[in-house]
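Understanding the architecture of this molecule
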Amino acid sequence: MGPEGSVPDRPRGGGLWGAVHRIEDAVLTVLVVLLVLVAGGQIVLRAAFHWGVDWTDPMLRSLVLWVAMFGAMIAAREDKHLGVDALPRLLSGVPLVLARLLAQGFAAVVCAALAWYSVGLVQLEHESQTIAFAQVPTWVTQLAMPFGFTVMGLRFALRALGIGKLGGANTP
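About the thresholds
Residue numbers restart at each chain and count upward from 1, following the sequence in its written direction. Only residues with pLDDT of 70 or above have their local features reported here, since the model is predicted, and side-chain atom pairs are shown and tallied only from 80 upward, although totals for entire chains, interfaces and linings are computed over all residues. In computing side-chain values, all of the structure's heavy atoms are included and hydrogens and water are not. As used in this record, nonpolar core signifies buried Ala, Val, Leu, Ile, Met, Phe, Trp, Tyr and Cys residues forming a set joined through side-chain atoms within 4.5 Å. Any residue under 20% of the maximum accessible area for its type is buried, any over 50% is exposed, and the rest in between are partly exposed; the area is computed with a 1.4 Å probe on protein chains only. Secondary structure is summarised from DSSP: a helix means a run of H or I of at least four residues, a strand means a run of E of at least two, and numbering begins at the N terminus for each. In what follows, a contact means two residues having at least one pair of non-hydrogen atoms within 4.5 Å. A residue's pLDDT is simply how confident the predictor is in it, with values from 0 to 100. Geometry of aromatic contacts follows a simple scheme: Phe, Tyr and Trp rings, the Trp one being its six-membered ring, pair when their centres are within 6.5 Å, and the pair is stacked under 30 degrees between planes, edge-to-face over 60, tilted otherwise. Throughout this description, the term salt bridge denotes a Lys or Arg side-chain nitrogen within 4 Å of a carboxyl oxygen of Asp or Glu.

Let's shift gears to the nonpolar core. Of all hydrophobic cores here, the largest spans 25 residues; its most connected members are Leu 63, Phe 149, Met 152 and Phe 156. Where this core is concerned, the elements lending two or more residues are helix 1 (15–49), helix 2 (56–78), helix 4 (94–128), strand 1 (131–133) and helix 6 (144–160). Tallying contributions element by element places helix 2 first for this core, with nine residues. Ignoring anything within four residues of it in the chain, the contact list for Leu 63 reads Leu 31, Leu 34 and Leu 35.

Structure (structure tokens):
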């Protein structure tokens, strides 16, 4: 417990990575607030006035994609992503270190493949020039995928190589 019975925040570092972490957290917060406000506004418009804004549903779908990607990036940063808890209970020492190295390396490879193929998807959407909502091109809304998978892949790769401390300021 912190002073006066408050619960302390998780440690925040300074420097470049601390700033990057604060920016990621702020972007996720803004996206979630925007998602709730737009969805709530649309509900009120439909219920009270039997009217709604046509492009809010596709916008909400795009916001959900961005929220999911930023949430996954932060989960990877904090080492709070989905994982198998059986290995730490069964292994210790060098075998556990090797298992973690393989798991982080595999996650990095999967994220790299997903980033690569999502770049291809964004390129196809850019060529087709389709509009997602309110004159926003579909490819812009899909940029969340290559961006998010690249960031997660780099984080997993660096962790597999033993670079960066979990939860510390020098964690990418």
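Take the confidence of the model for the protein next. Summing up the model confidence of the protein, the mean pLDDT is 87 and the portion of residues at 70 or higher is 86%. Mean pLDDT values over the elements of the protein span from 75, in helix 3 (residues 86–90), up to 97, in helix 5 (residues 138–141).

As a further point, take the environment of Leu 91. Tracing the backbone through its elements, the reader meets Leu 91 in the loop between helix 3 and helix 4. Contact partners of Leu 91, with chain neighbours within four places excluded, come to Leu 96 and Ala 99.

For the rest of this paragraph, the subject is the packing of aromatic side chains. Considering all chains together, one arrives at three aromatic pairs under this definition. Ring geometry for Trp 55 and Phe 133: centres 6.2 Å apart, planes at 20 degrees, overall stacked. Placement of the pair is Trp 55 in the loop between helix 1 and helix 2 and Phe 133 in strand 1, with a sequence separation of 78 residues. On the numbers, 6.0 Å between centres and 40 degrees between planes, the contact of Phe 70 with Phe 147 is tilted. Of this pair, Phe 70 sits in helix 2 while Phe 147 sits in helix 6; the two residues are 77 residues apart in sequence, bridging distant segments of the chain. We classify Phe 147 as partly exposed; its relative accessible area is 41%. These aromatic residues form a ring-pair network of at least three members: Trp 66, Phe 70 and Phe 147.

Here the phi dihedral of Asp 79 falls at roughly 60 degrees; this positive angle occurs in a residue that is not glycine. Residue position: Asp 79 is located in the loop between helix 2 and helix 3. By relative accessible area, Asp 79 is classed as partly exposed at 32%. Its identity is not glycine, yet Gln 135 carries a phi of approximately 70 degrees, on the positive side. With respect to the helices and strands, Gln 135 occurs in the loop between strand 1 and strand 2 (136–137). Owing to a relative accessible area of 67%, Gln 135 belongs among the exposed residues under this scheme.

As for its position among the elements, Leu 121 is in helix 4. Among residues more than four places away in sequence, those in contact with Leu 121 are Gln 142 and Met 145.

Applying the stated criterion to the full structure yields six salt bridges. Of the charged contacts, one joins Arg 155 and Glu 24 as a salt bridge, the two residues approaching to 2.6 Å between their closest N and O atoms. Separated by 131 residues along the polypeptide, Arg 155 in helix 6 and Glu 24 in helix 1 bring together distant segments of the chain. Side by side, Arg 155 and Glu 24 carry an identical accessibility label, which is buried. A salt bridge links Glu 78 to Arg 77; the shortest N-O distance between them is 2.9 Å. Owing to a relative accessible area of 18%, Glu 78 belongs among the buried residues under this scheme. By relative accessible area, Arg 77 is classed as buried at 1%. Taken together, the shared-partner salt bridges in this structure form one network comprising Glu 24, Asp 25, Arg 77, Glu 78 and Arg 155.

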